[in-house]
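Topology and contacts: notes
What follows is the residue order along each chain.
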Protein chains: 2
Amino acid sequence: MSFKSSPEYALLGILMTGPKHGYEIYGYFSSKMKQFWHLSMSQAYALLKRMEKNGILISKEEWQVNRPSKKIFSITQAGKERFLDWVHSPVKHVRDLRIEFMAKLFFIKELKLKGALDIIDKQIEVLQEKLHLIKSSKEKIIDEFQTALHSFKIAQMTSAIEWLKECKNYFSCKY
Amino acid sequence: MSFKSSPEYALLGILMTGPKHGYEIYGYFSSKMKQFWHLSMSQAYALLKRMEKNGILISKEEWQVNRPSKKIFSITQAGKERFLDWVHSPVKHVRDLRIEFMAKLFFIKELKLKGALDIIDKQIEVLQEKLHLIKSSKEKIIDEFQTALHSFKIAQMTSAIEWLKECKNYFSCKY
DNA sequence: GTAATCTATTCCAGTTTGGAATATTTTTAA
DNA sequence: TTAAAAATATTCCAAACTGGAATAGATTAC
C-alpha cells in the first residue's frame, strides 16, 4: 500500500494542521501551495477517498440541520507516521526539487517542525553523489548532442546544490 | 486537433527518417532517445493510432506469406509541417528543457536540419523574459519559504540560460 | 429580487501508465 | 538437436489522472 505519487503527502500535510472537509483542504491547498504545486478538485476528492481506504485518514459524516451533511477528514496515527517519514527524506532526482522537495520545506515551516537543516544536508548529499556519477560517465559522449545533454545535467545539478546551500541560511535561525 | 502532450512529436520526428512499423519506431526511440525521454510501448501504439485519426500520419498494411501482416506508418505532409513548426519553437517553461527542448536539439542533429542556433537564441529570449518577471515580483516575498522558492526559480532559470549560451558553441560549426 | 459567488461534492469522457497477454520467428547454449 | 531464451510485433486491461461539467443549497452584492 505504498503510494508513488506524492500529492497524497500534500493532503496529509494539510490534515496535520487539523481535521478538515474536502473543500476546506482544497482551499488551503489553493491559497498556500498553488504557487508550486497543482492539484485539481476532482483529484483531491478521489485521493481522499483512496487514502481513507488505505487507512492513513478517516472521515466522519457531520449532520447539519437543513443542509447536506459534510465529511470531515482527519489524519490517523499511521498517516502521521507516513507523513513525517516523507517530510524528512530527500528526493531522488533534481526534477523533484521544484515540487516535492519544496513541499517538504513548506510543511516544515508551516507545521513548525524541526530538522530543516538536516533534510537540506541529506538532499545535498544525494545530489552530490549523482553529480559525481554523471561527471565520471564522460566516456560515452560522442557527439554535440551528448555533450549538450551532459552539460545540461551538470548545470542543473550544480545550481541545485548551490541553491540548497543558500537555503540553509534562510532556515538556519528557527529550525 | 492540436495536441498538448509532446510524445507525439517524438514519434513524428522518428517517422521523418522514413516509414516504419510500430515496433521499429519504438526500437529507434529506445536506442536513441531513452536517455532523456521515456515512453511505454503501449502508449506508443495508442499514440500512433490517434495520430493516424488526426491525419498527421498514415499506415499501410503489409501482407506477408505465412505471417501476420504488419502496419507501416508514414508521416503525411500535414505531419511534416506540424513537426517542423514544433522543432523550431522554443518551449515555455524551464521544466520543459530537460525533455522537450532536448528532443528538438536531438532531431535537429539527427535529421541534419538547419536552425539550431536560431532556436537556441529564441529559447534564451523566452527564459530571459521570464527571469525579468520573476526578479521584479519580489514584493510578495514575506517569509523564508517564499525566499527559498524565489531563489530556486532564479537559480534554475539562470543556469538554464548559461547552459543555452554554452550550447551555441556545441552546435555552431555545422548548423 | 435576482444574479453572482461561495460552499461542497460527484460524475464523466478522454488520456496516460505500466504491465501482462499473445503469438510467431530467430538465436543461443547444453 | 532440441529446448529455452530473446527478439519481433501488437493488443488488452485495470488503475489513475485530467479538466471540465453537473448539481445544489447558501450567502453576498448590486
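No experiment lies behind these values; they were computed from the predicted model shown.

Parameters and conventions
- Residues numbered from 1 in each chain as written.
- Chains lettered and ligands numbered in written order.
- Predicted model: local features only at pLDDT ≥ 70, side-chain atom pairs only at ≥ 80, totals over all residues.
- Heavy atoms only, no water.
- Helix = DSSP H or I, 4+ residues; strand = E, 2+ residues; numbered from the N terminus.
- Rg over C-alpha atoms; globule rule 2.2 N^0.38 Å.
- Buried < 20%, exposed > 50% of the residue type's maximum accessible area, 1.4 Å probe, protein only.
- Contact = heavy atoms within 4.5 Å.
- Areas by Shrake-Rupley, 256 points an atom, 1.4 Å probe, with all protein chains shown as cover.
- Lys, Arg positive; Asp, Glu negative; His and termini not counted.
- Charge placed at Lys NZ, Arg CZ, Asp CG, Glu CD.
- Near = heavy atom within 4 Å.
- Polar contact = N/O pair within 3.5 Å; in protein donor to acceptor, adjacent residues only side chain to side chain.
- Nonpolar A, V, L, I, M, F, W, Y, C, P; charged D, E, K, R; others polar.
- 1 Å grid on protein atoms, 1.4 Å probe; cavity = no way out; pocket = protein on both sides within 12 Å on 5 of 7 lines; lining within 4 Å.
- Points joined across faces, edges and corners; volume = space filled by probe spheres on them.
- Least-squares fit on C-alpha atoms with pLDDT ≥ 70 in both.
- Domains from an automatic or database assignment.
- Buried area = accessible area lost by both parts, 1.4 Å probe.
- Salt bridge = Lys/Arg side-chain N within 4 Å of Asp/Glu carboxyl O.
- Axes fitted to C-alpha atoms, helices over the stretch in contact; angles between N-to-C directions.
- Parallel < 35°, antiparallel > 145°, perpendicular 65-115°, else oblique.

Looking at the overall build of chain A
- When helices and strands are tallied, chain A shows seven helices and three strands.
- The secondary structure elements of chain A, listed N-terminal to C-terminal, are α-β-α-α-β-β-α-α-α-α.
- For 175 residues, the compact-globule formula gives about 16 Å, and the C-alpha radius of gyration of chain A, at 20 Å, lies well above that figure.
- When the 175 residues of chain A are sorted by exposure, 47% land in the buried category.
- Summarising the internal contacts of chain A: among those between residues at least 6 apart in sequence, 60% fall at separations of at least 24.
- About 9400 Å² of surface is accessible on chain A, with carbon and sulfur atoms providing 54% of the total.
- Put simply, chain A has 29 plus and 19 minus side-chain charges, and the middle of one group is 5 Å from the middle of the other.

Notes on the protein's contact with DNA strand D
- Taken together, 16 residues lie around DNA strand D, and S42 and Q43 of chain A together with H21, Y23 and K70 of chain B are the ones closest in.
- The separation between a phosphate oxygen of DNA strand D and a polar side-chain atom of H21 of chain B is 2.6 Å.
- Between Y23 of chain B and DNA strand D, the recorded distance is 3.3 Å, taken from a backbone N or O atom to a phosphate oxygen.
- Tallying contributions element by element places helix α3 (residues 41–53) of chain A first for the surface near DNA strand D, with four residues.
- By residue class, the composition of the surface near DNA strand D is four nonpolar, eight polar and four charged.

A short note on the environment of A116 of chain B
- In this fold, A116 of chain B is placed in helix α6 (residues 116–136).
- For the pair A116 of chain B and E8 of chain B, spaced 108 residues apart in sequence, the C-alpha separation works out to 21 Å.

What to know about the layout of surface pockets
- Of the voids in this model, the largest pocket is the one considered here, and its volume is about 1200 Å³.
- As for the largest pocket, its lining consists of 39 residues, of which V94, R95, F152 and Q156 of chain A together with R98 of chain B are closest to the centre.
- Going through the elements one at a time, α5 (97–110), α6 (116–136) and α7 (144–171) of chain A together with α6 and α7 (144–171) of chain B are the ones with two or more residues in the lining of the largest pocket.
- Examining the composition of the lining of the largest pocket, we find that seven residues originate from one element, α7 of chain A, more than from any other.

With respect to the relation of the copies chain B and chain A
- Overlay of chain B on chain A (RMSD 0.0 Å): rotation 180°, translation along the axis 0.0 Å. Taken together, the rotation angle and the small translation identify this as a two-fold axis.
- A shared interface surface links the copies, since 100% of the contact residues of chain B are contact residues in chain A too.

What about the domain arrangement of chain A?
Residues and elements named next belong to chain A.
- For chain A, the assigned domains are domain 1 (1–87) and domain 2 (91–175).
- Using C-alpha coordinates to define each centre, domain 1 is positioned 28 Å away from domain 2.
- Facing the 16 residues of domain 1 at the interface are 13 residues of domain 2.
- Interface of domain 1 and domain 2: buried area, both sides summed, is about 1200 Å²; carbon and sulfur atoms make up 74% of it.
- On the domain 1 side of the interface with domain 2, the three residues burying the most area are F36, W86 and V87, jointly 50% of the side's total.
- Here domain 1 is connected to domain 2 by one salt bridge.
- In this structure, the salt-bridge partner of K32 is E110, at a minimum N-O distance of 2.6 Å.
- Where domain 1 packs against domain 2, one counts four residue pairs in polar contact (both at pLDDT 80 or more).
- Looking at the side of domain 1 that touches domain 2, the elements that each hand over two or more residues are α1 (7–15), α2 (22–32) and α4 (77–87).

Section: the packing of α4 of chain A against α5 of chain A
Residue and element names in this part refer to chain A.
- Their axes nearest at 10 Å, the elements α4 and α5 cross at an angle of 115°. Overall, the two elements α4 and α5 adopt an arrangement that is roughly perpendicular. Taking contact as the criterion, the partners of F83, W86 and V87 in α4 are, on α5, E100, A103, K104, F107 and I108.
- Along the lines of polarity and charge, the residues of the contact of α4 with α5 split into six nonpolar, no polar and two charged.

Points about the interface of chain B and chain A
- At the junction of the two partners, chain B supplies 30 residues and chain A supplies 30 residues.
- Both faces considered, chain B and chain A share a buried interface measuring about 2800 Å² in area, 64% of it formed by carbon and sulfur atoms.
- Remark: the boundary between chain B and chain A carries two salt bridges.
- A salt bridge links D143 of chain A to K109 of chain B, with the shortest nitrogen-to-oxygen separation between them at 3.1 Å.
- Put simply, chain B and chain A have twelve residue pairs in polar contact (both at pLDDT 80 or more) between them.

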